[in-house]
Amino acid sequence: MATATHPDTSQPTGFIRRNRQKLAPWVFLAPGLLFFLFYVIAPIFQSFQISFYQWDGLGAKEWVGMQNYQELVTDRAFEVSLWNNLKWLLMYLLAIPAGLGIALFLNQTVTGIRLYKSLFFFPFVISQVVVGLVFTWFYDPTFGLLNTMLEYVGMKPINVLGDPKLATYGIIAAGLWPQIAYCMILYLTGLNAVDPEQIEAARLDGAKGLRMLWHVVLPQLAPATFIAFVVTIIGALRSFDLISIMTNGGPFGSTRVLSFYMFEKALSEYGFRMGYGAAISVVLFLIMLIFIAYFLWSMWRQEKGH
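Residues numbered from 1 in each chain as written. Predicted model: local features only at pLDDT ≥ 70, side-chain atom pairs only at ≥ 80, totals over all residues. Heavy atoms only, no water.

Caption draft 1: Spotlight on the overall build of the chain. The helix and strand tally for the chain stands at 15 helices and two strands. Relative to the globule expectation of 19 Å for 306 residues, the C-alpha radius of gyration of the chain, 26 Å, shows a markedly less compact shape. Looking at the chain as a whole, 37% of its 306 residues are labelled buried. Here the contacts in the chain between residues at least 6 apart in sequence split such that 65% fall between residues at least 24 apart. Approximately 19,600 Å² of the chain is accessible, and the part contributed by carbon and sulfur atoms is 67%. Treating the 20 positive side-chain charges of the chain as one cloud and the 17 negative ones as another, the clouds have centres 7 Å apart. (Helix = DSSP H or I, 4+ residues; strand = E, 2+ residues; numbered from the N terminus. Rg over C-alpha atoms; globule rule 2.2 N^0.38 Å. Buried < 20%, exposed > 50% of the residue type's maximum accessible area, 1.4 Å probe, protein only. Contact = heavy atoms within 4.5 Å. Areas by Shrake-Rupley, 256 points an atom, 1.4 Å probe, with all protein chains shown as cover. Lys, Arg positive; Asp, Glu negative; His and termini not counted. Charge placed at Lys NZ, Arg CZ, Asp CG, Glu CD.)

Shown next as structure tokens:
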């Protein structure tokens with residue numbers, strides 16, 4: 001008598017069951033990707049679109065084409081903001097070697113190293129608003145610690161935030177304090193992943209000091225260096241909160257940067273010119289894109305060379 005055959009149910013049926021392991025990461029990534037799409041990517045394209053209109057944010061939009069960009073060319077305040085952003089960018093890059101130097105020091109076995117790490121880590125965890133207030137008090141021409149120290153050595157007091165020639169550099173110095181701490185954390189993490197066998201082999205070959213650092217340690221810190229460059233460039237170009245807290249763009253508009261000028265034109269009582277503000281944001285975005293694309297290309301070329 002023939003026996004009935006039953007289908008093999010040992011293997012999962014259906015597309016989802018067959019591809020559970022492949023689909024699982026995408027299920028977890030989907031919420032983050034959707035948020036990134038709607039709150040980062042979509043606004044970028046909206047900014048490009050709005051920059052071709054004259055719009056107050058509430059009424060009807062009026063198409064003006066490239067008029068907003070043409071106005072930027074002759075706008076003195078935009079020129080000052082752009083130059084200030086370049087100053088921020090150049091001086092902010094000092095955070096990378098400074099963070100590396102501190103990380104190399106903190107990576108040693110020294111008595112009280114945990115206390116030192118806490119002190120250097122402290123600026124990273126406090127708010128930028130608090131940093132701005134602390135440095136505003138530090139620079140104060142009447143009771144600030146800076147002028148107290150200058151008077152102690154026989155120098156005249158200076159009003160850092162009240163001098164158009166010094167105010168931008170004073171704010172940049174305040175921003176460098178937490179930025180150095182951030183770069184230090186990146187390099188400390190990278191130093192934990194340095195291959196000790198390569199270090200030992202280099203020592204046997206007679207490498208030490210700067211030769212060891214340049215030829216053995218820094219190549220292994222390339223990923224940390226790349227992240228430090230990208231984060232530092234973005235931090236320098238989007239600087240807003242310290243300027244708002246410490247000078248509000250003054251004195252006489254000398255400390256404006258592109259992000260702050262965009263806010264003034266688009267959202268503050270001085271403007272409500274959404275199209276013009278969007279044009280400024282597009283210029284800022286393109287500058288960031290150029291720098292980050294350059295470092296990505298450099299990293300790709302370096303990896304390809306290896």
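Caption draft 2: Representation of the environment of Pro223 within the structure. Inspection of the secondary structure assignment puts Pro223 in helix 12 (residues 222-237). Separated by 35 residues in the primary sequence, Pro223 and Leu188 have C-alpha atoms spaced 12 Å apart.

Caption draft 3: Summary view of the packing of helix 5 (residues 95-106) against helix 6 (residues 113-125). With their axes 10 Å apart at the nearest point, helix 5 and helix 6 run at an angle of 160 degrees to one another. By the angle class used here, helix 5 and helix 6 are roughly antiparallel. Of the two elements, helix 5 crosses helix 6, and the hand of that crossing is left-handed. The residues of helix 6 that touch helix 5, namely those facing Ile102, Phe105 and Leu106, are Ile113, Tyr116, Lys117 and Phe120. Tallied by class, the residues present in the contact of helix 5 with helix 6 amount to six nonpolar, no polar and one charged. (Axes fitted to C-alpha atoms, helices over the stretch in contact; angles between N-to-C directions. Parallel < 35°, antiparallel > 145°, perpendicular 65-115°, else oblique. Left-handed = near helix turned anticlockwise from the far one by under 90°. Nonpolar A, V, L, I, M, F, W, Y, C, P; charged D, E, K, R; others polar.)

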